[in-house]
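Survey of secondary and tertiary structure
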Amino acid sequence: VSPLALAKLLRRLHGSRNRQSDKLRKDRPRRKSLTAADRAEVLRKADGRCHLCGGKVEGTAWDADHVFAHSSGGAHSIGNYLPAHKLCNSYRWHYGPEEFRLILKLGVWLKTQIEKGTVVGIAAGERFTAYEKDRVGRQRPKRPVGSRR
Ligand SMILES: [Zn+2]
C-alpha cells in the first residue's frame, strides 16, 4: 500500500463513519443508562478489567463501553457492554473495527520509531509532546470538592 493509498483509506473510513453516524442519529433509540446491577454484571464478565487496555478498573470511574459502537447502531443490551477506563474509552471514540485496527497498527509503528530515535520518531515525539502539553493546558482546572467559585 502506498502512502497516498493509506491516506485515501483513512479518509474513506473517516467519511463512512461520519455518514453512518449521521444516518443512525435520526432513528436510533435514545441511549438509556444502566442500573447499578447492570454495571456490576458488565464488570463481572470482564473480571474487573478494561476491555481496551486490559488494566484493572477501580472504583466507579469507568464507562460501560458499547463493544459495537452505539453511534454505529450497537444495541442497548448487557451483552454489548464491556468496562473501559474513561481515558481508553475516550480515545476509542466511535471508530469502526477496520479504522480502529489501523489506528492501533499506526500507533505501534510510531511508538517503535520514537523508541528507535529515527528521524520520523524524533519529529513525531517533539510534535506529540507539544500537542499533549497544549491539550493538558486547555483542560479546565478541577476545583477541590466542596469549593465554591
Ligand atoms: Zn483501559
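Each remark here, short or long, concerns the structure printed above.
Okay, so let's go over this structure. On a predicted model such as this, the values are computed, not experimentally measured, just so you know.

This paragraph deals with the overall build of the protein chain. Within the protein chain, the regular secondary structure consists of five helices and two strands. Going from N to C terminus, the protein chain has its helices and strands arranged as α-α-β-β-α-α-α. Counting every position in the protein chain, which comprises 149 residues, the buried fraction comes to 24%. With the model as given, the accessible surface of the protein chain reaches about 11,400 Å², and the carbon-plus-sulfur share is 59%.

The next subject is the coordination of the zinc ion. The zinc ion binds to the protein through Cys 50 (SG), Cys 53 (SG), His 85 (ND1) and Cys 88 (SG); the donor distances cover 2.2 to 2.4 Å. Coordination at the zinc ion comes from four donor atoms whose angles at the metal span 97 to 117°, giving a geometry best classed as tetrahedral. Between consecutive donors of the zinc ion, the numbers of intervening residues give the motif C-x2-C-x31-H-x2-C. The exposure class assigned to Cys 53 is partly exposed, which follows from its relative accessible area of 49%.

Turning our eyes to something else, we now look at the nonpolar core. If you look at the biggest cluster of nonpolar residues, it comprises nine residues: Leu 34, Val 42, Cys 50, Val 57, Trp 62, Ala 64, Tyr 81, Ala 84 and Cys 88. Of all the elements in the fold, those that place two or more residues in this core are strand E1 (62-66) and strand E2 (81-85). Each residue touching Ala 64, except ones within four places of it in the same chain, is listed here: Leu 34, Arg 39, Val 42, Tyr 81 and Leu 82.

Turning our attention to the packing of aromatic side chains. On inspection of all chains with the given rule, the structure shows zero aromatic pairs. Over the ring of Trp 62 we find Arg 39, and its NZ or CZ is 4.0 Å from the ring centre.

On to the packing of helix H4 (residues 97-116) against helix H5 (residues 119-138), then. Contact geometry for H4 and H5: axes closest at 7 Å, N-to-C directions at 100°. In terms of orientation, H4 and H5 fall into the roughly perpendicular class. In this structure, H4 uses Trp 109, Leu 110, Gln 113 and Ile 114 to contact H5, whose residues at the interface are Val 120, Gly 121, Ala 124 and Gly 125. Across the contact of H4 with H5, the residue classes break down as five nonpolar, three polar and no charged.

For E1, the buried fraction is high: five of the five residues fall into the buried class. Burial along E1 is two-sided: the residues Trp 62, Ala 64 and His 66 and Asp 63 and Asp 65 are all buried. Summarising the sheet, E1 and E2 pair through five bridges and their orientation is antiparallel. Along E2, the bridge assignment pairs Ala 64 with Pro 83.

The next point concerns the side chain of Gln 113. Secondary-structure assignment places Gln 113 in helix H4. In this view, Gln 113 contacts Thr 118 and Gly 121; residues no more than four positions away in its chain are not counted.

Now for the pattern of salt bridges. As a working rule, side chains carrying opposite charge can pair if their charged atoms are close by. Following the criterion strictly, the structure yields seven salt bridges and no others. Notably, a salt bridge pairs Lys 86 with Asp 63, separated by 2.8 Å at the nearest N-O pair. Within this pair, whereas Lys 86 is found in helix H3 (residues 86-92), its partner Asp 63 is found in strand E1, the two being separated by 23 residues in sequence. By relative accessible area, Lys 86 is classed as partly exposed at 46%. Judged by relative accessible area, Asp 63 falls into the buried class, the value being 19%. A salt bridge links Glu 115 to Lys 111, with the nearest nitrogen and oxygen atoms 2.6 Å apart. Of this pair, Glu 115 and Lys 111 both sit in helix H4, four residues apart, which is roughly one turn of that helix. Judged by relative accessible area, Glu 115 falls into the exposed class, the value being 59%.

Cut-offs and rules
Residues numbered from 1 in each chain as written. Predicted model: local features only at pLDDT ≥ 70, side-chain atom pairs only at ≥ 80, totals over all residues. Heavy atoms only, no water. Helix = DSSP H or I, 4+ residues; strand = E, 2+ residues; numbered from the N terminus. Buried < 20%, exposed > 50% of the residue type's maximum accessible area, 1.4 Å probe, protein only. Areas by Shrake-Rupley, 256 points an atom, 1.4 Å probe, with all protein chains shown as cover. Donors = N, O, S within 2.8 Å, 3.2 Å for Na, K, Ca; no water. Tetrahedral: all angles 85-135°; square planar, octahedral: opposite > 155°, others 65-115°. Core = buried A, V, L, I, M, F, W, Y, C linked by side-chain atoms within 4.5 Å. Contact = heavy atoms within 4.5 Å. Phe/Tyr/Trp six-rings, centres within 6.5 Å; stacked < 30°, edge-to-face > 60°. Lys NZ or Arg CZ within 6 Å of the ring centre and 35° of its normal. Axes fitted to C-alpha atoms, helices over the stretch in contact; angles between N-to-C directions. Parallel < 35°, antiparallel > 145°, perpendicular 65-115°, else oblique. Nonpolar A, V, L, I, M, F, W, Y, C, P; charged D, E, K, R; others polar. Pairing = 2+ DSSP bridges. Salt bridge = Lys/Arg side-chain N within 4 Å of Asp/Glu carboxyl O.

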